[in-house]
Amino acid sequence: MKRLSVLLAGSALAVSANAVNWSKVSESPNGTIFSVDLNSIESSDISVIDEKPMDNITVSIRRTYPTQKNSVQKNDDKDGKTPKETKVNKDKASKDTVLHHSDQQLLISCKDASYYKRAYVDYGADNKVIKSWQSEKPILTTKDFIITTPKTIARLIVEQACKNYENDQNSV
């Protein structure tokens, strides 16, 4: 089941992996960079139950995390390993678990600046998949969407995606 989840989440994000045009939207105080793949923005055919008809778009976003420094603990040979062996094992473990970036696919409602996270894939060093998830909800309602707060990174991402989508529609 876990393999199927990885495959499904990976396929949901395949568009962003092939034809990417990342545009930096913002950087958080801790150094995380948020980007939108301008080539992934498109109208969505996913039905959302609502009182009024609502047009939604899908977009791929990327969160790139700041490089984390490895800390080396001193080893007093209680476990029989030299300090060098401990550092090598610690570095290998951290490469497998430290996030480098996360690709996510959002379903966005430009009408009320809200979004629903459809899938994500977290990557470590060397683009190794650490964790993935894909929504299994067959039917969405507006209650499933998170309304963004003004002057937040989430709102900036939604506004950027909606603005680019609108500009693309007007240029056609």
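The residue numbering used here restarts from 1 in each chain and proceeds along that chain's sequence as written. For this predicted model, a pLDDT threshold of at least 70 governs which residues receive local features, and a threshold of 80 or more governs which side-chain atom pairs are given and counted, while totals over whole chains, interfaces and linings are taken from all residues. Derived side-chain values reflect all non-hydrogen atoms in the structure, with water molecules and hydrogen atoms excluded from consideration.

Peer 1: Can you lay out the overall build of the protein for me, pointing to particular residues and giving the numbers?
Peer 2: In this text, helices come from DSSP runs of H or I with a minimum length of four residues, and strands from runs of E with a minimum of two, each type numbered from the N-terminal end. A count of helices and strands for the protein gives four helices and ten strands. For the protein, the N- to C-terminal ordering of α and β elements is α-α-β-β-β-β-β-α-β-β-β-β-β-α. Looking at the protein residue by residue over its 172 residues, the buried ones come to 35%. For the protein, contacts bridging at least 24 residues in sequence account for 60% of all contacts bridging at least 6. Categorising residues by exposure relies on relative accessible area from a 1.4 Å probe, with only protein chains included: less than 20% of the type maximum marks a residue as buried, more than 50% marks it as exposed, and the intermediate range marks it as partly exposed. Whether two residues touch is decided by their heavy atoms; if any such pair falls within 4.5 Å, the residues are in contact.

Peer 1: Tell me about the packing of aromatic side chains, and please be specific about residues and values.
Peer 2: Side-chain rings of Phe, Tyr and Trp, where Trp is taken by its six-membered ring, are said to pair if the distance between their centres is within 6.5 Å; with planes under 30 degrees apart they count as stacked, over 60 as edge-to-face, and otherwise as tilted. Counting across every chain of the model gives two aromatic pairs. The interplanar angle of 45° and the centroid separation of 6.2 Å between the aromatic rings of Tyr116 and Phe145 together place this pair among those described as tilted. Of this pair, Tyr116 sits in strand β7 (residues 114–123) while Phe145 sits in the loop between β9 (140–141) and β10 (146–147), and the two are 29 residues apart along the sequence. The pair Tyr116 / Phe145 is uniform in exposure class, with both members buried. When the centroid spacing of 5.9 Å and the interplanar angle of 25° are considered together, the rings of Tyr120 and Trp133 count as stacked.

Peer 1: Which residues make up the nonpolar core, and what values go with them?
Peer 2: The nonpolar side chains of a soluble globular protein tend to be buried with one another. For our purposes a nonpolar core is just a set of buried Ala, Val, Leu, Ile, Met, Phe, Trp, Tyr and Cys residues, chained together by side-chain atoms within 4.5 Å. Residues Val36, Val59, Leu106, Ile108 and Ile157 are the most contacted members of the largest nonpolar core, which totals 15 residues. For this core, the secondary structure elements donating two or more residues are β2 (33–37), β5 (56–64), β6 (101–109) and α4 (153–171). In terms of residue count, α4 provides more of this core than any other element does, four residues in total. Setting aside anything within four residues of it in sequence, one finds Val59 in contact with Val36, Asp37, Ser40, Ile41, Gln104, Gln105, Leu106, Ile108 and Ala161. One finds Val48, Tyr116, Leu140 and Phe145 within the second-largest nonpolar core, a separate group that totals five residues.

Peer 1: Describe the pairing of β5, naming the residues involved and giving the relevant values.
Peer 2: What makes two strands pair is DSSP finding at least two bridges between them. As judged from the four bridges shared by β2 and β5, these two strands associate in the antiparallel manner. Note on β5: the bridge partner recorded for Ile33 is Thr64. In the sheet, strand β3 (residues 42–43) pairs with β5 via two bridges, with the strands oriented antiparallel. Residue pairing in the sheet places Glu42 in a bridge with Thr58 of β5. Strand direction decides the pairing type here: β5 and β6, joined by nine bridges, are antiparallel.

Peer 1: Now, about the environment of Ile157: what can you tell me, with residues and values included?
Peer 2: With respect to the helices and strands, Ile157 occurs in helix α4. Between the C-alpha atoms of Ile157 and Ile108, which are 49 residues apart in sequence, the distance is 9.8 Å. Leaving out residues up to four positions away in the same chain, Ile157 has contacts with Val25, Phe34, Val36, Ile61 and Leu106.

Peer 1: Help me get a handle on the pattern of salt bridges, residues and values and all.
Peer 2: Take a side-chain nitrogen of Lys or Arg and a carboxyl oxygen of Asp or Glu: if they are within 4 Å of each other, that pair is a salt bridge. Tallying each qualifying case throughout the model produces three salt bridges. The salt bridge partner of Glu27 is Lys24, with a shortest N-O separation of 3.1 Å. Measuring nitrogen to oxygen at the nearest pair gives 2.5 Å for the salt bridge that ties Lys137 to Asp144.

Peer 1: Residues and numbers for α4, please.
Peer 2: Note that an α-helix has 3.6 residues per turn; residues three or four places apart therefore point the same way. For α4, with 19 residues, the first-to-last C-alpha span of 27 Å sits near the 27 Å given by 1.5 Å per residue. Residues Arg155, Ile157, Val158, Ala161, Cys162 and Asn164 constitute the buried set of α4. The elements touched by buried residues of α4 are β1 (22–27), β2, β5, β6 and β7. A helix's residues, less one, multiplied by 1.5 Å, set its expected span.

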